[in-house]
Each structure stands twice: as C-alpha cells, then as structure tokens.
Amino acid sequence: MNKFNNVTSLIVVAVLAFTTGVLVLGFRSCRQGPEVKASLSATEVEVNERFTYSDSTHKARNWYWEFGDKESSYKPHGTYWYKEPGTFKVRLTVNGKYEKTFTIQVKNTAREPASRLVHIEAPDSAMQGEYIVFKGVGNDKQWRWEFGESGMVDAREKTPLYAYSKLNTYTVRLRTENTAYPVLHRIKIIPTYSTNDSTDVMSVIGSDIRIRLQAICDGKPFNRNYNEIIRKYTCSNELTEVVINDDKFNDIYSYCQGLAATGKGRKITIEHVAVEIPDLESGCVTKIIVVQSE
C-alpha cells in the first residue's frame, strides 16, 4: 500500500512540475517583446566623423538612445559623432523596456600621408548624369583637373564634383605644382539603371526633394514643401544631415530655413540632389547631398 502511495505521489509531483514549467514558459513568451530593429551606419569611425542611428521597431512609441559618453537622444533617427577616441557602448531602449546594444570603435583622425606622391581616389565606373566625387590625395596646394569630356581644365579644387553627360570611358588627368606629368585615372560612364532598380528609386526621391528645395528657395509655401520632405522621406527626422557642395553641413530643418531666408535676397539654384538610404526596408533617408549655386 505504501509503495502504491509513493508511486502516486511521484506522479503528482511530476505533473505539477511539468505544469509549472509550461506556465513559466508561457509567461515568458507573453512578456517577450517585439524585435528591436535598430541599426548604426558604422561601428568603426574616426573622431568627429558623423554616423547615423535609426530604429524601425514595430509599434515603437518612444526611444532613448545612450551613446556611452553621457550624451543621449530621444529621437528614433539622427546623426552623432564622438569628440574623443575610445570604445563606446551604444544602447537603445524602446518603449521603456526593450533594449538593443552596439559597440562602436572611435579612432583618432587619420593624417595626410607623408608621401609626396599625389594620387586620385574615385570610382572606376559611374552613371550618366551622376555627380561623382573626385578626391586628390596629397599635400600639394594647386589642383588642376581635366575630366576628359570638355578638353580643358574643369576644376581647381582638391575634391571636386563632376557629372558626365555622355557615355564613354574617360581618362581623368590631375596636375599639381609638384607633378612633372599628370596623374591618370580611367572611369567608365554607363547608362542609368532601369526603373525597377533601387538606385533609380533613390534618383527619383532625390529629384523630388530637389524640386521642393527649389520651391523653398523661390519663396513658395515653406511648410507645405518642408513637411512633404520630412514626412515622406526622412521618417519625420528633422536632424537628417544635409551636405552642401561637399564641404558644408546642416540638419534639414536649419538648411531649409536658411534657403527660405537667403532665397529672398538672391537667386539660388538647386542643381542636383542625391540621397542615402542605408536601410531599404525602413526607407528612411539618412543623408541628403545637395549641389547648389547662385
């Protein structure tokens, strides 16, 4: 009889233990939150080099970014940079309880190379009509660029922009005060992509933003054009970075306010706009690159 009771007791204990385990797992499953879909545009940067942070977590209502240097942000997207080198832990808390962390390495700013040799940093191919960044590397002071399309000197800056109008393979020539012969670089210009390509989608976005920026310059309704850019393309991030003529920087709100103010006194032409969208799933523009002239 005692043996029967012992077996019955063991069965009861086993059933209780199994039931408890199922309840605990169910409770944990119920508490498990949504996947935090956050990202950084880079995890290795130099001092004062900007990077973007963004989050597209489903049903996220509030955000708290901690950058590991006592600075923080309550916006879902933005840009940031570190003033000192080191290893920093970036943590995002979504809706006050769901977290994701990153580690980012910040290095000292690279110095110009000690070599006296000059060379060109540029792509080997680019699209027709696309603005290309050509970078002259070296310590020389005078820069004379021939991009091979016009047959003459096209630029005298160290890092110029240029867009080819015709399809061809061109030889770029760079001369400085210390080069005996020009430094050469070959680049192939190819047709623009088809309409179903993601690069072409970004081109369409850039074109629409250009039209709205030009409207702001021309004194047309500010709020309508600005809000369309913010809501449609930058995921309502008013700190989206704008790079102007490759050497000036502003957030999108300050830049557009500046266009509205200066456009009243002098004619500004927005010649070209390109965009960066690191996360195509979220579709948020994180950088707007503008070429403008007066």
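Overview of the structure. (Residues numbered from 1 in each chain as written. Predicted model: local features only at pLDDT ≥ 70, side-chain atom pairs only at ≥ 80, totals over all residues. Heavy atoms only, no water.)

The 3 strands are arranged β1-β3-β6 in an open sheet whose pairing can be described as antiparallel. Two strands bound the open sheet, and with one partner strand each, they are β1 (38-40) and β6 (77-80). Pairs of neighbouring strands in the sheet enclose a mean axial angle of 15 degrees, with direction left out of account. (Pairing = 2+ DSSP bridges. Helix = DSSP H or I, 4+ residues; strand = E, 2+ residues; numbered from the N terminus. Axes fitted to C-alpha atoms, helices over the stretch in contact; angles between N-to-C directions.)

Once that is clear, we can look at the pattern of salt bridges. Scanning all chains against the criterion turns up 7 salt bridges. Note that K107 and E44 form a salt bridge whose closest N and O atoms lie 3.6 Å from each other. Placement of the pair is K107 in strand β8 (residues 98-107) and E44 in strand β2 (residues 44-46), with a sequence separation of 63 residues. For E241, the salt bridge identified is with R50, shortest N-O distance 3.8 Å. Of the two residues, E241 is situated in strand β17 (residues 241-244) and R50 in the loop between β2 and β3 (51-55); the sequence distance between them amounts to 191 residues. Judged by its relative accessible area of 6%, E241 falls in the buried class. Accessibility expressed as a relative area gives 36% for R50, which makes it partly exposed. Shared partners join several salt bridges into a network, and the residues in it are D208, R212 and K232. (Salt bridge = Lys/Arg side-chain N within 4 Å of Asp/Glu carboxyl O. Buried < 20%, exposed > 50% of the residue type's maximum accessible area, 1.4 Å probe, protein only.)

With that settled, the discussion passes to the environment of Y98. Topologically, Y98 is positioned in strand β8. Each C-alpha atom, one on Y98 and one on A60, is 9.7 Å from the other, the two residues being 38 residues apart in sequence.

Turning our attention to helix α3 (residues 222-233). Given a rise of 1.5 Å per residue, 12 residues ought to cover 16 Å, and the 16 Å separating the end C-alpha atoms of α3 matches this to within 8%. Taken together, the buried positions of α3 are F222, N225, Y226, I229, I230 and Y233. Buried residues along α3 cover an arc of 125 degrees about the axis, so they all sit on one side. Exposed and oriented more than 90 degrees from the buried face of α3 are N223, R224 and R231. Just downstream of α3 lies C235, where phi reads positive at about 55 degrees. (Expected span 1.5 Å × (residues − 1). Arc of directions from axis to C-beta.)

Given two aromatic rings, one states the distance between the centres and the angle between the planes to describe the pair. Tallying each qualifying case throughout the model produces 16 aromatic pairs. Each ring, one from Y53 and one from W65, has its centre 4.9 Å from the other, and the planes form 55 degrees; the classification is tilted. Of the two residues, Y53 is situated in strand β3 and W65 in strand β4 (residues 63-66); the sequence distance between them amounts to 12 residues. For the pair Y53 and W65, one class covers both residues: buried. Members of the aromatic cluster, joined through ring pairs, are F51, Y53, W65, F67, Y80, Y82 and F88. (Phe/Tyr/Trp six-rings, centres within 6.5 Å; stacked < 30°, edge-to-face > 60°.)

Here we take up the state of the cysteines. Taken as a whole, this structure holds 1 disulfide when the rule is applied. A disulfide bridge connects C235 with C284, and the sulfur atoms are separated by 1.8 Å. Across the S-S bond linking C235 and C284, the dihedral sits near -90 degrees, which makes this disulfide left-handed. With C235 in the loop between α3 and β17 and C284 in the loop between β19 (269-276) and β20 (287-293), the pair connects residues that are 49 residues apart, well separated along the chain. On the basis of relative accessibility, which here comes to 6%, the residue C284 falls in the buried class. Of all cysteine sulfurs in the structure, the one in C256 sits closest to C217, which takes part in no disulfide; the separation is 8.6 Å. (Disulfide = S-S within 2.5 Å.)

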